[in-house]
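Survey of secondary and tertiary structure
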Amino acid sequence: MHPVIRLIGFMVLGAGLMAGGVKEIAVLTLLVAALYLGSRTSPAGAWPLLRRARWLFLSLLVLYFWFSPGRTVLPYYGMPTVEGIEDGTLRIAALILLVFAVHLLLQTTGRAQLVAALCWLAKPLNIFSGAGDRFAVRAVLTLETLTHAQRIFIQVRLKEERSSRWRRITDTAGTLFQTAVARAESMTAQVIALPESYHPPLYQWLYPFALAFVIWRMG
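The present account deals with the structure reproduced in this document. (Residues numbered from 1 in each chain as written. Predicted model: local features only at pLDDT ≥ 70, side-chain atom pairs only at ≥ 80, totals over all residues. Heavy atoms only, no water.)

Looking now at the packing of aromatic side chains. For the coordinates displayed, the defined rule picks out six aromatic pairs. Judged by centre distance (6.0 Å) and plane angle (40 degrees), the ring pair of W120 and W205 falls under tilted. Here the residue W120 occupies a position in helix α6 (residues 111–121), and W205 occupies one in the loop between α8 (165–186) and α9 (206–218), the gap between them amounting to 85 residues. Arranged with centres 6.4 Å apart and planes meeting at 85 degrees, the rings of Y203 and Y207 form a pair that is edge-to-face. By the ring-pair criterion, three or more aromatic residues cluster together here, those being Y36, W47 and F100. (Phe/Tyr/Trp six-rings, centres within 6.5 Å; stacked < 30°, edge-to-face > 60°. Helix = DSSP H or I, 4+ residues; strand = E, 2+ residues; numbered from the N terminus.)

Pasting the structure below:
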């Protein structure tokens, strides 16, 4: 499948997850599972992403369970509401599935393909004094910087693994900030070559449209 179609399909899937109900999320779960099987990608690689988002999930759980109006589960003070549990569970399940979808997209689409797809989608912005090209350049720089920062994070974490938790957090944050500033000051102007992107086959546009139609019909 063309990278542009993959990216658009991911956007449609994300919109369906955020706005959908139980039926939509159930069907999209089956779709993501089928894509994992078809691509022979292991979903285990998504667990680190889920672990990093655990505090977001916990915050959403508290907000939905205890701050949503409705009937309390038990007639006691401080109990979560039935509506909050239903809505919160649904939204957290949608976010978890979205994380798996992001992992699948990144594993099946190389960095060069992803940047080329972003450039193709950003072409209409070129009418505003080349805004699309600037967007593409910033996308490349962001991806490169994130990769560099991840390597530094792993190195610092290995050195400070015997320190206390708060000491590791402060040392890692300080090292990352200092390294980012030093790298920015030492960098010189460079030419970034983006891969050429071609138009997606016309028949592949049916995939995201079919997905959007199915989600719309279920809603």
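Angle between the axes and distance between the axes: these two values describe a pair of packed helices. Here helix α4 (residues 54–67) crosses helix α5 (residues 82–108) at 160 degrees, and the two axes come no closer than 8 Å. On the basis of the axis angle, α4 is roughly antiparallel to α5. Between α4 and α5 lies a crossing whose hand is right-handed. The residues of α5 that touch α4, namely those facing F57, L60, L61, Y64 and F65, are G84, I85, D87, G88, T89, R91, I92, L95 and I96. Taken together, the residues of the contact of α4 with α5 break down into nine nonpolar, three polar and two charged. (Axes fitted to C-alpha atoms, helices over the stretch in contact; angles between N-to-C directions. Parallel < 35°, antiparallel > 145°, perpendicular 65-115°, else oblique. Left-handed = near helix turned anticlockwise from the far one by under 90°. Contact = heavy atoms within 4.5 Å. Nonpolar A, V, L, I, M, F, W, Y, C, P; charged D, E, K, R; others polar.)

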